[in-house]
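Here are the chains, one letter per residue:
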Amino acid sequence: MRIGIGYDVHKLQEGLPLWIGGIRIEHTKGLVGHSDADVLIHAICDALLGAAALGDIGKHFPDTDPAYKGIDSKVLLRHVCQLIKDNGYTIGNVDSIVAAQKPKLMPHIMQMRQTLADCMGVDVSQVSVKATTTEHLGFEGREEGISAQAVALLN
């Protein structure tokens, strides 16, 4: 068994679409990034890559490469999962948490879990997504950005 951890953060900005966990969430702000800036998928990718000792998301999908400009992060996650499989591993489970003051994510958790499970080719029972606020503390609490953390277990 191998364990990996991932962390990502993106700045919020008015007028951009908000993608978290592979789904679009209605909000006045979206995340800034080279891709669609899906902070949760990026953290999960890093956790999976880390567990297999395959580097990080920046190594595989550099933000200097125009091929990844605006890319749907679900494409990146599918590619990472293929790398995991090609290296002889299977996903045991993924546990994750998103820190955001707004919007409230609880109504979207089940859809995120199913979307992520579909991308990873695993059962939804193997994917946990949790959400928390930071009680108005830090950049998340001031609604300047959103962060996500994930851990992955590979067999």
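Quick notes on the rules
Residues numbered from 1 in each chain as written. Predicted model: local features only at pLDDT ≥ 70, side-chain atom pairs only at ≥ 80, totals over all residues. Heavy atoms only, no water. Helix = DSSP H or I, 4+ residues; strand = E, 2+ residues; numbered from the N terminus. Rg over C-alpha atoms; globule rule 2.2 N^0.38 Å. Buried < 20%, exposed > 50% of the residue type's maximum accessible area, 1.4 Å probe, protein only. Contact = heavy atoms within 4.5 Å. Lys, Arg positive; Asp, Glu negative; His and termini not counted. Charge placed at Lys NZ, Arg CZ, Asp CG, Glu CD. 1 Å grid on protein atoms, 1.4 Å probe; cavity = no way out; pocket = protein on both sides within 12 Å on 5 of 7 lines; lining within 4 Å. Points joined across faces, edges and corners; volume = space filled by probe spheres on them. Nonpolar A, V, L, I, M, F, W, Y, C, P; charged D, E, K, R; others polar. Pairing = 2+ DSSP bridges. Right-handed = clockwise from strand over helix to strand, strands pointing away. Expected span 1.5 Å × (residues − 1). Polar contact = N/O pair within 3.5 Å; in protein donor to acceptor, adjacent residues only side chain to side chain. Phe/Tyr/Trp six-rings, centres within 6.5 Å; stacked < 30°, edge-to-face > 60°.

## Section: the overall build of the chain
Right, so step 1: The secondary structure content of the chain amounts to 5 helices and 7 strands.
Right, so step 2: Secondary structure elements of the chain occur, N-terminal to C-terminal, as β-β-β-β-α-α-α-β-α-β-α-β.
Right, so step 3: At 15 Å, the chain has a C-alpha radius of gyration in line with the 15 Å of a compact globule built from 155 residues.
Right, so step 4: By its C-alpha atoms, the chain is 40 × 35 × 25 Å across when sized along the principal axes.
Right, so step 5: The buried share among the 155 residues of the chain stands at 49%.
Right, so step 6: The long-range share in the chain, meaning contacts at least 24 apart out of those at least 6 apart in sequence, stands at 71%.
Right, so step 7: For the chain, the distance from the average site of its 14 positive side-chain charges to the average site of its 18 negative ones is 1 Å.

## Points about the layout of surface pockets
Right, so step 1: The computed volume of the largest pocket comes to approximately 200 Å³.
Right, so step 2: Every residue lining the largest pocket is listed: His10, Gly33, His34, Ser35, His42, Ile57, Gly58, Phe61, Pro62, Asp63, Tyr68 and Leu76.
Right, so step 3: Across the lining of the largest pocket, the residue classes break down as 5 nonpolar, 6 polar and 1 charged.

## Overview of the pairing of strand E1 (residues 2-14)
Right, so step 1: Bridge analysis of E1 against strand E7 (residues 145-154) gives 10 bridges, and the strand direction is antiparallel. Bridge pairing links Lys11 to Gly145 in E7.
Right, so step 2: Pairing of E1 with strand E4 (residues 29-31), which is carried by 3 bridges, proceeds in the antiparallel orientation. In the sheet register, Gln13 faces E4, and the bridge partner there is Gly30.

## A few points about the pairing of strand E6 (residues 127-132)
Right, so step 1: In the sheet, strand E5 (residues 91-99) pairs with E6 via 6 bridges, with the strands oriented parallel. Bridge pairing in E6 places Ser96 opposite Val129.
Right, so step 2: The parallel pair E5 and E6 is bridged by helix H4 (residues 109-120), and the resulting crossover is right-handed.

## Describing helix H3 (residues 73-86)
Right, so step 1: Spanning 14 residues, H3 covers 20 Å between terminal C-alpha atoms, matching the ideal 20 Å at 1.5 Å per step.
Right, so step 2: Within H3, burial applies to Ser73, Lys74, Leu76, Leu77, Val80, Cys81, Leu83 and Ile84.
Right, so step 3: Considering only its buried residues, H3 is in contact with strand E2 (18-20), helix H1 (39-51), helix H2 (57-60), E5, H4 and E7.
Right, so step 4: Capping of H3 at its N-terminal end is provided by Asp72; its side-chain oxygen lies 2.8 Å from the backbone amide nitrogen of Lys74.
Right, so step 5: Of the residues one or two after H3, Gly88 is the one with positive phi, at around 85°.

## Describing the packing of aromatic side chains
Right, so step 1: Within the structure shown, the criterion is met by 1 aromatic pair.
Right, so step 2: Measuring from centroid to centroid gives 5.4 Å for Phe61 and Tyr68, while their planes differ by 80°, and the two rings are edge-to-face.
Right, so step 3: Taking relative accessible area as the criterion, Phe61 reaches 10% and is therefore assigned buried.

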